[in-house]
Amino acid sequence: MAYNKSTTIGEIYRLRDKVLAENDVFKIGKRDVAAIFLKKLLDFDEKTNIKYSELEAAYRASSAMKDIPEDSKDFWKYVEENYLELKEEPKDKFTELSFQATEDLSLIAKNLKYINRERDILDERKRQLGRLSAEDRYYRNQLDYFENKNIVARNEIVEFLTDGIKHHAIRKASSDFNASYPIWSFFRDTPYAFGRAYKSYDVRSLDEYSNKFTDLPASGYREMIKECRQSYDKFKEYAYYYISGDAEYLPSVREKLEDLVKTSHVLARRKQVIDALLKHFDEKDYLSFVNIAPLQIEGIFADICREIGVSESQLDISSLNDKLEHIDGKINNFHYFEYYAFKFPVLRNLVAHGGLVDGDMEKTALHLMLDLLPVCDLTISKELPVNYALKVLDEAKNKNYEKVIEWLDLRDKVKIPDFYQVNEKIKEVEAIYTSQEFWNYLDLGLKRLNDVSQVKDCMPVKAAGKIKRSNLASAQAEKFLKSSGHVAAEAIKKRNEISANVKRLLNLSNDPPMEEPSAP
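Here the residue index of a chain counts from 1 through its sequence in written order. Predicted model: local features are reported for residues with pLDDT of at least 70 only, side-chain atom pairs are reported and counted for 80 or more only, and whole-chain, interface and lining totals are derived from all residues. With hydrogens and water set aside, each side-chain value is computed from the structure's full complement of heavy atoms.

Asks: Whenever I open this one, the overall build of the protein chain confuses me. Can you help?
Replies: What counts as a helix is a DSSP run of H or I of at least four residues, what counts as a strand is a run of E of at least two, and both are numbered from the N terminus. A count of helical and extended segments in the protein chain gives 25 helices and zero strands. The globule rule puts the C-alpha radius of gyration for 520 residues at 24 Å, and the 32 Å found for the protein chain is more than 25% above it. Here the C-alpha coordinates of the protein chain stretch approximately 120 × 65 × 45 Å along the principal axes. Split into buried and exposed, the 520 residues of the protein chain put 40% on the buried side. Exposure was quantified through the Shrake-Rupley algorithm and a 1.4 Å probe, taking into account, for residues, occlusion by the shown protein chains and nothing else. Surface accessibility of the protein chain: about 29,900 Å² in total, with carbon and sulfur atoms responsible for 51%. Lys and Arg are tallied as positive, Asp and Glu as negative. Neither His nor the chain termini are counted. The atom standing in for a charge is NZ when the residue is Lys, CZ when it is Arg, CG when it is Asp and CD when it is Glu. Computing the positive centroid from 81 side-chain charges and the negative centroid from 88, the protein chain places the two 3 Å apart. When we talk radius of gyration, it's over C-alpha atoms, and the globule rule is simply 2.2 Å times the number of residues to the 0.38. Think of it in three bands: with a 1.4 Å probe and only protein chains considered, a residue is buried below 20% of the maximum accessible area for its type, exposed above 50%, and partly exposed in between.

Right, here's the structure in full:
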C-alpha cells in the first residue's frame, strides 16, 4: 500500500493483521516481522532486498508522525509497539506459557494419583467392614467429583497447548496487555481455569472451613483459617467474634441475617423460623438449633431452585445434591457448591433421619450458624430472575435506555412479588416509552447502521415492535417502524457523502503545490 497522510488507521490495522497472519513471529521474531510490515506499508517490492536502515529512512521520509525516535534501536522498538502492538518477544511468552502448562499438568497428575490412592483406601475399608459410613460415601462422591474436575482441567490445558497458546503468547507480548488485563497482577496469567485457581483442584483443599469467614479482608484470611484447622479453641474464638460482630468494624451475623430478611422475599417467608433459630443460638439452646438449622438451609436451597425455574414436580424427587446442581447450573457466583454438596450433607442427613449429633454440640452449632449466612446471602444474588429484574428496573428508572429496552422482555417473563412494592416504579419506567427523548435514542441507533439491510433486525426496530405489541406507546411505535428504513438510508447516504468529501480533501492536501508562473 502507498503510505501517506490519507492512510487510515483501519488500513494500517488490516495490514498488521495480514502480516502477522502470513509470517510466523515465533520463528523469525518481531524485528523481522516489523521489517516486513514496513516493506508492505511503504509499497516496496516484496522480492527486493532492502536493509533495515533503508526501510527506516524511507519511513521517516514518508511519515508525518512527530514522535519518531531518533535512535535506530528505539525506532524499531517504536514500529514494533505502535504498529504491531508487540512490546515483548512472543516466542519468549510462548516458552513461559509452555513451562507453566507443563507444571500444571504435573500438578493435575499428582491430584489424580492422590484421589486414586484415597479411593483404594475406601475400597479396602468397604471390603473389611462390608459397608461405608455416610461420611465415607460422601467422601467417595467428593473424590469422583474432583477426579472429573481435574480431568476436565487436563483436557482444557491440552486443548490450550494445541490451539490457543500462540494466540495468548502474542496477547501477552502486546503493548497494552497489563493495562487491559490488570487482574493478571493478582492471579497467574493463564487463560485456563486451573491456572487461576489451581489449589481448588486438590481434593484436600475442601474441608469444613471452606465456606467460612469469606467476607473478611483477604490480608489475614489464610492465616486465620490455618489457625482454625490447627485448634478448635482458635476456631471458637474467631467464630464467636464473627457471629457477635464488632460495633465499629463488623456487623453481627444476626444483623446481617435481619438485613437479608428485609431485603429478600425468599427469606421474608421464613422470618419466623429464622428469628426462632437466632433465639435458640443466643440462648445457647444448641440442641434445638442444630436440629432445625440443616433442614432450613436445605429449604432455602429449595426456594432458590423455585426462583430459577425448577418445578415442584422436580423438587419432589430432588435430593439435596440435585438441588445444589440445579443452582450451580444457573448461578455463576455459587462459590460454595462443593462444600454444601460433600461436607454439609453428612450432618444434614444425620438430623433428617433422626440421628443424634455426636461430639461438641456448641462446635456443631457454630459451624451451622456460619453455614446459614452464605445460603441466605445467595437469595439476593443478581442472577436470580426477580433480583435481576429489580436491578434493571432501578437502572431503567434513571433513564438508562439500554435497561429501559431490556425491561420490555422482563416485564412479561418475571413476576415481581408484592413484597418489593414496585408498582409505582414500573409505571415511571413504562412512561418513558412515551417520551420523545426515548424515541430520539432509538432514532440515533437507526442512524448508526452501516447498511439498510440491517434495519429489520436492529435493536431499535425490535424494541419498537415490542412496545407496539405491549400497547405501551403504540402510535409512536407505529410511526417509528414505518419511517425506520428511510431514516437509516438517509443517514447512511449523508455519512458516505461526508466520508467522500474528507477523502477528497486529504488527497488534495497531498498534491504538490503548483509553481508560480514566472513574470513576463
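From this point, the narrative continues.
Asks: Even after reading the chapter, I still don't get the environment of Ser435, so can you show me in this structure?
Replies: With respect to the helices, strands and loops of the structure, Ser435 is situated in the loop between helix H22 (423–431) and helix H23 (436–447). Counting along the chain gives 20 residues from Ser435 to Lys415, while the straight-line C-alpha distance between them is 25 Å.

Asks: I would appreciate a short explanation of the packing of helix H14 (residues 286–307) against helix H19 (residues 361–378) in the present structure.
Replies: Packed helix pairs are characterised by how far apart their axes lie and by the angle those axes make with each other. The interhelical angle for the contact between H14 and H19, taken along N-to-C directions, is 20°, at an axis separation of 9 Å. Relative to H19, H14 is oriented roughly parallel. In terms of crossing hand, the pair formed by H14 and H19 is left-handed. Where H14 abuts H19, its residues Tyr286, Leu287, Phe289, Val290, Ala293, Pro294, Ile297, Ile300, Phe301 and Ile304 lie against Met361, Glu362, Thr364, Ala365, Leu368, Met369, Asp371, Leu372, Val375, Cys376 and Leu378. Only C-alpha atoms enter the line fits that serve as axes; for helices the fit covers just the stretch in contact. Angles between N-to-C directions range over 0 to 180 degrees. Any angle between 65 and 115 degrees counts as roughly perpendicular, while under 35 counts as roughly parallel, over 145 as roughly antiparallel, and the rest as oblique. Definitions for this section: a left-handed crossing has its near helix turned counterclockwise from the far helix by less than a right angle. A right-handed crossing has that turn clockwise. Only heavy atoms enter the contact rule, under which two residues are in contact if any of them lie within 4.5 Å.

Asks: Honestly, H23 in this entry has me stumped. Any pointers?
Replies: One turn of the α-helix equals 3.6 residues, which is why residues spaced by three or four share an orientation. Every helix has an expected span of 1.5 Å times one less than the residues it contains. Spanning twelve residues, H23 covers 16 Å between terminal C-alpha atoms, matching the ideal 16 Å at 1.5 Å per step. By the burial criterion, the buried members of H23 are Phe438, Trp439, Leu442, Gly445 and Leu446. Viewed along the axis of H23, the buried residues span an arc of 105°, placing them on a single side of the element. Read the arc as the range of directions from the helix axis to the C-beta atoms.

Asks: Before we go on, may I ask you to explain the pattern of salt bridges in this structure?
Replies: Between side chains of opposite charge, pairing is possible as soon as their charged atoms come close. Salt bridges are counted wherever a side-chain nitrogen of Lys or Arg sits within 4 Å of a carboxyl oxygen of Asp or Glu. Counted by the stated rule, this structure contains 42 salt bridges. The residue Asp136 makes a salt bridge to Arg125 at a minimum N-O spacing of 3.0 Å. Taken together, the positions of Asp136 in helix H6 (residues 134–173) and Arg125 in helix H5 (residues 90–129) put the pair eleven residues apart, joining distant regions of the chain. The exposure class of Asp136 is buried, given its relative accessible area of 14%. For Glu478, the salt bridge is made with Lys482, and the minimal N-O distance between the two is 3.9 Å. Residue Glu478 and its partner Lys482 are located together in helix H25 (residues 474–510), separated by four residues, close to a single helical turn. What you see here is one network of salt bridges that share partners, running through Glu88, Lys93, Glu96 and Lys172.

Asks: I keep staring at the environment of Tyr83 and nothing clicks. Help me out?
Replies: As for its placement among the helices and strands, Tyr83 is situated in the loop between helix H4 (72–82) and H5. Measuring from C-alpha to C-alpha, the distance between Tyr83 and Ile12 comes to 7.6 Å, with 71 residues separating the pair along the chain.

Asks: Looking at this structure, how should I read the nonpolar core?
Replies: Nonpolar side chains tend toward joint burial in soluble globular proteins. One finds Phe213, Leu257, Phe301, Ile327, Phe334 and Tyr340 to be the most contacted residues of the largest nonpolar core, which totals 64 residues. If sequence neighbours within four positions are ignored, Leu257 has contacts with Leu278, Met369, Leu372, Leu373 and Cys376. To form a nonpolar core, buried Ala, Val, Leu, Ile, Met, Phe, Trp, Tyr and Cys residues must be joined to one another through side-chain atoms within 4.5 Å.

Asks: I'm lost on the packing of aromatic side chains in this one. Help?
Replies: In this description, a pair of aromatic rings is defined by centroid distance and the angle of the planes. Two aromatic rings, drawn from Phe, Tyr or Trp (for Trp, its six-membered ring), form a pair once their centres lie within 6.5 Å of each other, and the interplanar angle then sorts them: stacked below 30 degrees, edge-to-face above 60, tilted otherwise. One pass over the full model with this rule turns up 28 aromatic pairs. Taken together, Tyr145, Phe146, Phe301, Phe334, Phe337, Tyr339, Tyr340, Phe342 and Phe344 form an aromatic cluster joined through their ring pairs. Only when the NZ of Lys or the CZ of Arg is both within 6 Å of the ring centre and within 35 degrees of the ring normal is a charge said to sit over the ring. Just above the ring of Tyr201 sits the side chain of Lys149; from NZ or CZ to the centre is 4.7 Å.

Asks: Sorry if this is basic, but what is going on with H22 here?
Replies: Residues Ile426, Val429 and Glu430 constitute the buried set of H22. All buried residues of H22 lie within an arc of 95° about the axis, which places them on one face of the element. Along H22, exposed side chains directed more than 90 degrees from the buried face belong to Glu424 and Lys427. Looking at the buried positions of H22, the neighbouring elements they touch are helix H20 (385–397) and helix H21 (401–413).

Asks: It is not clear to me how unusual backbone geometry should be interpreted in this structure. Could you clarify?
Replies: Peptide bonds are, in most cases, trans, and in most cases residues other than glycine have a negative phi. One non-glycine residue, Lys284, lies in positive phi territory at about 60°. For Lys284, the location among the structural elements is in the loop between helix H13 (271–282) and H14. The backbone of Gln421 shows a phi angle near 50°, a positive value even though the residue is not glycine. With respect to the helices and strands, the residue Gln421 is situated in the loop between H21 and H22. Under the relative-accessibility criterion, Gln421 is labelled exposed at 73%.

Asks: What exactly am I supposed to notice about the confidence of the model for the protein chain here?
Replies: Low-pLDDT stretches of the model should not have their predicted coordinates read in fine detail. Looking at the protein chain as a whole, its pLDDT mean stands at 89, while 92% of the residues score no less than 70. Each residue carries a pLDDT score, the predictor's own confidence in it, on a scale running from 0 to 100. Segment residues 179–186: pLDDT under 50, and five contacts once partners within four positions in sequence are set aside and those in other chains are kept. In this model, residues 511–520 is a region of pLDDT below 50 whose contacts with residues beyond four sequence positions or in other chains number zero contacts.

Asks: Where do I start with the packing of helix H3 (residues 52–62) against H4 in this structure?
Replies: H4 packs onto H3 with a crossing angle of 70° between their chain directions and a minimal axis gap of 11 Å. With respect to their mutual orientation, H3 and H4 come out roughly perpendicular. H4 is crossed by H3, and the crossing has left-handed handedness. Between H3, through Tyr52, Leu55, Glu56, Tyr59 and Arg60, and H4, the contact on the second element is made entirely by Ser72, Phe75, Trp76 and Tyr78.

Asks: Before we go on, may I ask you to explain the environment of Asn211 in this structure?
Replies: Mapped onto the elements, Asn211 comes out in the loop between helix H8 (193–196) and helix H9 (221–230). For the pair Asn211 and Asp371, spaced 160 residues apart in sequence, the C-alpha to C-alpha distance is 7.2 Å. Here Asn211 is in contact with Tyr336, Tyr339, Tyr340, Leu370, Asp371 and Pro374, once residues within four sequence places are set aside. At a separation of 2.8 Å, a polar atom in the side chain of Asn211 contacts the side chain of Lys212. Any N or O atom pair separated by 3.5 Å or less is treated as a polar contact, with the protein-specific requirement of one donor-capable and one acceptor-capable atom, and with residues adjacent in sequence counted only for side-chain atom pairs.

Asks: Would you mind showing me how to read the side chain of Lys403 here?
Replies: The topology assignment puts Lys403 in helix H21. Exposure remark for Lys403: the relative accessible area of 15% places this residue in the buried category. Filtering out sequence-adjacent residues up to four positions away, Lys403 remains in contact with Tyr388, Val392, Glu395 and Ala396.

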